Amino acid sequence: MVKAANSRGAAPGTPPRTRILVVGGGYVGMYTALRLQRKLRAGEAEVTVVTPEPYMTYQPFLPEAAAGSISPRHVVVPLRRILPTCRIVIGEAQRIDHAKRTATITTLATDEEGAGPVEIAYDELVLAPGSISRTLPVPGLADYGIGFKTVEEAIGLRNHVIEQMDIASSTRDPAIRDAALTFVFVGGGYAGVEALGELEDMARYAARYYHNVTPEDMKWVLVEASDRILPEVGPEMGVYTVRELRRRNIDVRLETRLESCENRVAVLSDGTRFPTRTVVWTAGVKPHPVLAASDLPRNEHGRLACTAFLTVEGVEHAWAAGDAAAVPDITAAGPGRTCAPNAQHAVRQARALADNLVAALRGEVLTEYAHKYAGSVASLGLHQGVAFVYGRKLKGYPAWFMHRAYHLSRVPTFNRKMRVLAEWTLSGLFKREIVSLGSLEHPRAEFELAAGGGPGPTPPHPTPRPPQDSQG
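A brief look at the structure comes next. The numbers attached to residues start from 1 for each chain and follow its sequence in the written order. Whole-chain, interface and lining totals are the exception, using all residues; otherwise, since this is a predicted model, local features are given only for residues with pLDDT of at least 70 and side-chain atom pairs are given and counted only at 80 or more. Just so you know, side-chain values use all the structure's heavy atoms and leave hydrogens and water out.

## What about the packing of aromatic side chains?
In summary, the pairing rule links any two rings of Phe, Tyr or Trp, Trp by its six-membered ring, whose centres are within 6.5 Å, and it sorts them by plane angle into stacked for under 30 degrees, edge-to-face for over 60 and tilted for everything else. Counted according to the given criterion, the structure contains eight aromatic pairs. Taken together, a centroid distance of 5.3 Å and an interplanar angle of 45 degrees make the contact between Tyr 397 and Trp 400 tilted. Taken together, the residues span about one helical turn, with Tyr 397 and Trp 400 both in helix α11 (residues 397-410) at a distance of three residues. Ring pairing ties together the aromatic residues Tyr 27, Tyr 58, Phe 61 and Trp 424, which thus form one cluster. Working definition: helices are DSSP H or I runs of at least four residues, strands are E runs of at least two. Numbering for both runs from the N terminus.

## Comments concerning the side chain of Glu 423
Looking at the element boundaries, Glu 423 is found in helix α12 (residues 414-429). Throughout, exposure labels follow a simple rule: accessible area from a 1.4 Å probe, protein chains only, divided by the maximum for the residue type, with under 20% read as buried, over 50% as exposed, and the rest as partly exposed. In this tally, Asp and Glu contribute negative charge and Lys and Arg positive charge; neither His nor the terminal groups of the chain are included. Salt bridge, as used here, is a side-chain nitrogen of Lys or Arg placed within 4 Å of a carboxyl oxygen of Asp or Glu. Salt bridges are absent for the buried Glu 423, whose nearest opposite-charge side chain, Arg 73, sits at 6.0 Å. The contact criterion used is simple: two residues touch if any of their non-hydrogen atoms lie within 4.5 Å. Look past the residues within four positions of Glu 423 in its chain and what remains in contact with it is Ser 69, Ile 70, Ser 71 and His 74.

## As for helix α6 (residues 151-170)
For α6, built from 20 residues, the straight-helix expectation of 28 Å at 1.5 Å per residue is met to within 8% by its first-to-last C-alpha distance of 29 Å. For α6, a buried count of 15 out of 20 residues is recorded, marking the element as mostly surrounded by other parts of the structure. Multiplying one less than the number of residues by 1.5 Å gives the expected span of a helix.

## Topic: a nonpolar patch on the surface
The residues that make up patches have over 30% relative accessible area and no salt bridge, and they are joined within 9 Å when like-charged or within 5 Å when they are Val, Leu, Ile, Met, Phe, Trp or Tyr. Only the protein chains shown count as covering a residue, and every accessible area follows the Shrake-Rupley method with a 1.4 Å probe. Where nonpolar side chains cluster on the molecular surface, the patch consists of Phe 414, Met 418 and Leu 421 and spans about 300 Å² of accessible area. Structurally, Met 418 is set in helix α12. A residue is classified by how much of its surface remains accessible, and Met 418, at 38% relative accessible area, is partly exposed.

## Describing the sheet that holds strand β1 (residues 18-23)
Pairing between two strands is assigned when DSSP locates at least 2 bridges connecting them. Ordered in space as β7-β6-β5-β2-β1-β8-β20, the seven strands form an open sheet in which the pairing is mixed. With partners counted over all chains shown, the strands left at the sheet margins are β7 (118-121) and β20 (318-320), one partner each. Pairwise comparison of adjacent strand axes, ignoring direction, gives a mean angle of 40 degrees for this sheet. In this structure, strand β2 (residues 45-51) lies alongside strand β5 (residues 87-97), joined through four bridges in parallel fashion. Following the sheet pairing, Thr 51 is matched in β5 by Ile 90. Every axis corresponds to a line fitted to the C-alpha atoms, with the helix fit spanning only the stretch in contact, and the corresponding angles, defined between N-to-C directions, vary from 0 to 180 degrees.

## Structural notes on empty space enclosed by the protein
Points on a 1 Å grid over protein atoms alone make up a cavity when a 1.4 Å probe fits among them but cannot get out, and a pocket when they form an open set with protein on both sides within 12 Å along at least five of seven lines; lining residues each have an atom within 4 Å of a point. Grid points are joined across faces, edges and corners, and a volume is the space filled by probe spheres set on the points. Here the structure, examined in full by the defined rule, presents two cavities of 30 Å³ or more. Roughly 50 Å³ of internal volume is contained in the second largest cavity. Lining the second largest cavity we find ten residues, and of these Tyr 144, Arg 264, Thr 276, Arg 277 and Val 279 sit closest to its centre. When residues of the lining of the second largest cavity are traced back to their parent elements, those giving at least two are β15 (265-268) and β17 (278-281). Partitioning the lining of the second largest cavity into residue classes produces six nonpolar, two polar and two charged. For this classification, the nonpolar set comprises Ala, Val, Leu, Ile, Met, Phe, Trp, Tyr, Cys and Pro, the charged set comprises Asp, Glu, Lys and Arg, and every other residue, Gly included, is treated as polar.

## Considerations on unusual backbone geometry
One non-glycine residue, Glu 255, adopts positive backbone phi at about 50 degrees. You can see Glu 255 is positioned in the loop between β13 (250-253) and β14 (258-260).

## Observations concerning the packing of helix α1 (residues 27-39) against helix α10 (residues 343-361)
At a minimum axis distance of 8 Å, the contact between α1 and α10 shows a crossing angle of 35 degrees. Crossing handedness for the pair α1 and α10: right-handed. Across from Tyr 27, Val 28, Tyr 31, Thr 32, Arg 35, Leu 36 and Lys 39 in α1, the residues of α10 making contact are Ala 343, Ala 346, Val 347, Ala 350, Arg 351, Leu 353, Ala 354, Asp 355, Leu 357 and Val 358. Crossings are sorted by hand: turned counterclockwise from the far helix by less than a right angle, the near helix makes the crossing left-handed, and turned clockwise it makes it right-handed.

Structure below.
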């Protein structure tokens, strides 16, 4: 059992307080801290959350945020508001020395101070940094690829798509027009399929307001290396999804890879070449680099080796869950299976982890994590979706409605639920917004022009944004 360590700096005669460090502010980090905040007694422990962003992103809503169905402010949950008794540190964990119980952190003030990273000491560690985009050495990808893991990338992609339609509408060069209206998505998982489905739906709607751009002028391409897409919803629903996308004139290329995207030309493994100004990379994730910069045991895939109690295997005072953790799936038929790194498991693991951590501090019995996978839902655009839930297969409007209902029930806080529901209601009553606010990415451009007497250097168009770290 985990014993509470002596508190540092406690007043004489006061009981020691355990220092709990939570690395990551995503699903696992936020839900763990939230449950600890509710279950710990006053003065029993102090919880510090280290996270790159001051909010948790509800990633299933990113495609709808990109399509303009939900405001980007409503797909994120401010950590300081819902974790008022926790200490929030905005920074990145660079190294974990669990033998010494210290974490090396860089914060927003690190460069300003010039004193280097800071060390945070802890007694109990919850490591949940999530994952980052898994990229391949594809020529041109770092220069022109666009990720889809953060709210900034989702809104940037929406602005970019509308800007490409503006370019196509105003250019006199057929080659530029063709490249601007060609959109290539790499990866046939949830992120790729839902992002493409929502954005194609949005662009098709926006085209009615352009005098010389029609939906037929646009070319949407989905590239997937395996022989099917959305494997989580089963083979039958995967085949239906391919058929539905192709019915919408979306070019789905299975068993195909992106070989290069240099010079704004996407070259596929089947020899096809697409001049394009848009390459969206959603081809999987990999463990966060901080796991490799720790002295904690990992499996062959780079994830932390964990027990069913959500402790790190063979190590005391260390806990993990979510994308970073290989948690045994004790509900699986065969041995050696681990829980899938998805939001469904992450949220439930976080609650179980917090309960076990509190039980360990109090010398109580720990409980194994067990959750049988319920199924999956995916949106393909307005009123279109697929679902495989508890063995039942749904498609079209029923699946889309289930997708919305499920995620509305899962988005954190009553405040966010009501805001999202209100936006969905209003979007059903009024027309879509089709405005690009790409200038928000360069907010000082206008002032620099006025102050400097001339325009500054023109940024590349589109501004390349390499895939970003996610929050676990």
